[in-house]
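Notes for the structure review
Residues per chain are reported as follows:
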Amino acid sequence: GVDVTRVGVCTTPALAFTARRGRFAMGVMLSASHNPFDDNGIKVFGHDGYKIPDETEDAIQRLVEQGLPADPPPAAGDNIGRVRDDPALLDEYVERTARLLARHARKLRRLRVLFDGANGGGAALGRALLSRLGVALTAVHCEPDGLNINDRCGALHPDRLRARIRRHRADLGATLDGDGDRLILLDETGAVRDGDHILAAWGRRLIEQRRLPKKTVVSTVMANLGLEVSLREVGGRLVRTPVGDRFVAQEMLRGGYLLGGEQSGHILFFDGFQTTGDGLLTLAWVLDLMLSTGQPLSRLTACMRKFPQVLVNVRVREKPDLLAIDAVKRRHDEALRALGGDGRVVLRYSGTEPLARVMIEGPSKALVERAARGIAEAIRGAVGEGERE
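In what follows, the accompanying structure is described.

Within a sheet, adjacent strands bond to each other through the backbone by hydrogen bonds, running parallel or antiparallel. Pairing within the open sheet is antiparallel, and its three strands lie in the order 14-16-15. Both outer strands of the open sheet, strand 14 (309-315) and strand 15 (344-349), are each paired with one neighbouring strand and no more. Here the strands of the sheet are splayed against their neighbours by 15° on average, with no regard to which way each runs. Alignment of strand 15 against strand 16 (residues 355-361), held across six bridges, turns out to be antiparallel. When the bridges of strand 16 are listed, Tyr 349 appears paired with Ala 356. The sheet contacts of helix 12 (residues 326-339) involve strand 15 and strand 16, and relative to strand 15 the element is tilted by about 155°.

In structure tokens, the structure reads:
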């Protein structure tokens with residue numbers, strides 16, 4: 001008995017925006033997100049445009065596994081839901097995003113942008129937006145067929161655009177993931193600029209304009225230490241959350257913060273326009289930043305120096321508290337002493353796989369690699385898959 005409006009192929013954030021603007025009970029996105037097509041899944045947004053809470057997802061999962069207490073009878077007659085196609089609903093999303101750059105109309109026409117749509121939901125929308133802005137556009141990987149999403153393209157493979165940046169003399173390379181909630185950039189030299197770079201450049205600009213509440217940016221425990229240092233240089237600070245844009249969003253709402261995101265390119269900007277990570281919206285704000293300052297992306301992102309970071313995965317047979325294991329705790333403490341306050345050690349388990357993750361940052365690549373190997377060996381010896389009975 002539910003009426004359904006189909007908007008067609010689009011990005012997850014465009015769906016969230018449309019669900020919130022229209023009189024809809026929810027928005028449902030079918031997508032592989034940043035994964036291959038055979039990992040297609042479902043994202044659900046409430047009528048407020050935010051992802052539904054964990055407890056609601058858990059309740060739905062229980063119903064799927066156990067069955068409804070009493071299955072409702074199928075609708076009949078006039079009560080049967082209606083399905084209609086209305087892709088024009090996405091026009092408002094494109095128009096609202098383009099409007100952010102209206103004051104730069106003449107400057108935009110001088111920009112050369114290389115755009116990678118990841119053969120996903122942002123392929124057509126991204127081309128429509130950039131064409132609407134009037135930039136000189138070269139679009140690649142914008143022919144989704146349902147099978148080629150994220151296939152050696154998009155935000156997970158930005159390096160593949162390096163040669164094209166130089167060949168097309170582009171001012172900017174913009175790569176989305178398959179459902180368009182991530183953005184990874186390449187500057188005019190072909191250097192990759194991830195979510196940490198975007199948060200540093202944007203956060204510092206907002207602090208300079210006195211527009212960043214509490215001078216605070218929110219990111220996860222995986223954010224590079226260089227982001228924290230860059231913000232600190234201008235009186236700002238970084239609040240860290242567990243990994244996942246959901247946790248970033250929750251902390252932003254709790255603390256009343258404006259800007260947050262992840263190294264992966266999920267950027268959240270809660271100024272009333274959007275309620276979730278949005279690659280195309282982030283691209284619009286980056287273009288605004290470049291045109292407002294008159295600086296190329298390479299110079300804007302030079303404010304952040306990446307600290308060497310190593311991530312080692314260890315397959316495990318169980319998931320006890322890692323720091324309760326004597327050998328792991330000893331290696332962990334040795335690493336912190338070796339870093340001398342100039343680095344970080346993060347130990348955690350994957351939420352979806354039998355993996356322990358060891359992440360270490362510090363001033364020297366050799367130092368962090370050696371420390372990470374030592375902790376990984378201790379974990380492998382204690383709970384590594386197949387290591388001991």
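Now, onward.
So, about the layout of surface pockets. Quantified by volume, the largest pocket comes out at close to 1400 Å³. Looking at the largest pocket, it is lined by 41 residues, and the ones nearest its centre are His 34, Arg 182, Val 243, Gly 244 and Asp 245. Secondary structure elements with two or more residues in the lining of the largest pocket: strand 2 (26-31), strand 3 (41-46), helix 2 (54-66), helix 9 (245-255), strand 14 and strand 15. Looking at the lining of the largest pocket, its residues break down into 12 nonpolar, 15 polar and 14 charged. Looking at the second largest pocket, it is lined by 32 residues, and the ones nearest its centre are Gly 8, Leu 15, Val 28, Met 29 and Leu 30. Mapped by element, the contributors of at least two residues to the lining of the second largest pocket are strand 1 (4-6), helix 1 (12-21) and strand 2. Per-element accounting of the lining of the second largest pocket gives the leading share, six residues, to strand 2. For the lining of the second largest pocket, the class distribution of residues is 17 nonpolar, 12 polar and three charged.

Rules used throughout
- Residues numbered from 1 in each chain as written.
- Predicted model: local features only at pLDDT ≥ 70, side-chain atom pairs only at ≥ 80, totals over all residues.
- Heavy atoms only, no water.
- Pairing = 2+ DSSP bridges.
- Helix = DSSP H or I, 4+ residues; strand = E, 2+ residues; numbered from the N terminus.
- Axes fitted to C-alpha atoms, helices over the stretch in contact; angles between N-to-C directions.
- Contact = heavy atoms within 4.5 Å.
- 1 Å grid on protein atoms, 1.4 Å probe; cavity = no way out; pocket = protein on both sides within 12 Å on 5 of 7 lines; lining within 4 Å.
- Points joined across faces, edges and corners; volume = space filled by probe spheres on them.
- Nonpolar A, V, L, I, M, F, W, Y, C, P; charged D, E, K, R; others polar.

Just distances and angles here, no functional claims.
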